[in-house]
Amino acid sequence: MTIKKRRVIMAFFGVIITGFCVGGLQKANLGTDPFTSFVTGIANLFKSRYSVFYIVITGILLLGIFLIDKHYIGIATVINLLLTGGAADMMHHLLNSLIPFPGLFARFGIMAISLVFTCFSAALYFSADLGVSAYDAWALIASDRQQVVPFKFCRIITDSFCVLIGFIFGATVGIGTVLTAFCMGPLTNFFREKITNPMLEE
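What you are looking at is a predicted structure, and each value in this text was computed from that prediction instead of being measured. (Residues numbered from 1 in each chain as written. Predicted model: local features only at pLDDT ≥ 70, side-chain atom pairs only at ≥ 80, totals over all residues. Heavy atoms only, no water.)

Let us now look at the overall build of the protein. Scanning the protein for helices and strands turns up 8 helices and 0 strands. Secondary structure elements of the protein occur, N-terminal to C-terminal, as α-α-α-α-α-α-α-α. Radius of gyration (C-alpha) of the protein: 16 Å, near the 17 Å computed for a compact globule of 202 residues. Taken along its principal axes, the extent of the C-alpha atoms in the protein is 45 × 35 × 30 Å. Relative to its full complement of 202 residues, the protein shows a buried share of 46%. Once local pairs closer than 6 in sequence are excluded, the contacts in the protein between residues at least 24 apart make up 78%. On the protein, roughly 10,600 Å² of surface is accessible, and the fraction owed to carbon and sulfur atoms is 72%. For the protein, the distance from the average site of its 14 positive side-chain charges to the average site of its 10 negative ones is 5 Å. (Helix = DSSP H or I, 4+ residues; strand = E, 2+ residues; numbered from the N terminus. Rg over C-alpha atoms; globule rule 2.2 N^0.38 Å. Buried < 20%, exposed > 50% of the residue type's maximum accessible area, 1.4 Å probe, protein only. Contact = heavy atoms within 4.5 Å. Areas by Shrake-Rupley, 256 points an atom, 1.4 Å probe, with all protein chains shown as cover. Lys, Arg positive; Asp, Glu negative; His and termini not counted. Charge placed at Lys NZ, Arg CZ, Asp CG, Glu CD.)

Spelled out as structure tokens, the structure:
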């Protein structure tokens, strides 16, 4: 299989798995991811709906990326916009059918599995280098441009900022939010170095 085909497959499955994990985190109901917290907080500030400000904020982020480094906008960016929501709804519906009323232990298990696979899926489409989501791109741009602070720390900074803004403006912040904020960068970096980058080696 050619490198190009491998990259496309990695990007596709990275986005789909991300969507599944979002559905898992929703089912666990122990706190949303940092970007969702941020968007929810801003929507609360303007007394509007999440869906409205998701489009607005994502649009602003994409415009900034286009002006600064449009290399991060690609087929995976489009796939992310089109498929993540559907994959999340599918997984949430499946989990509702299988375990309609999970106990606390099961919820923690779903959260832990979703968190780990969220990091793995992010590593897949980061390594594929065919574009990333608007939010993911900013930590990558920061780490690539100044080449002093590693990606994992740039991601912790952006995630922590989003959680803080979300919390200030009334978004629900739980243990899942905090764990995602502090684990996403290091775990994604680990998967990139150990698994997904080597997948592209001849």
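The structure having been displayed, the exposition proceeds.
Here the focus is the environment of Leu-81. Secondary-structure assignment places Leu-81 in helix α4 (residues 75–98). Considering only alpha carbons, one finds Leu-81 and Thr-58, 23 residues apart in sequence, at a separation of 9.6 Å. Those residues within four positions of Leu-81 in sequence are excluded, and the remaining contacts are Thr-58 and Leu-62.

Tallied over the entire structure, the rule returns 0 disulfides. Here Cys-21 stays free of any disulfide, with the sulfur of Cys-119 as its closest cysteine sulfur at 8.7 Å. Judged by relative accessible area, which is 5%, Cys-21 ranks as buried. (Disulfide = S-S within 2.5 Å.)

Such coordinate-based values are descriptive only and should not be taken to indicate function.
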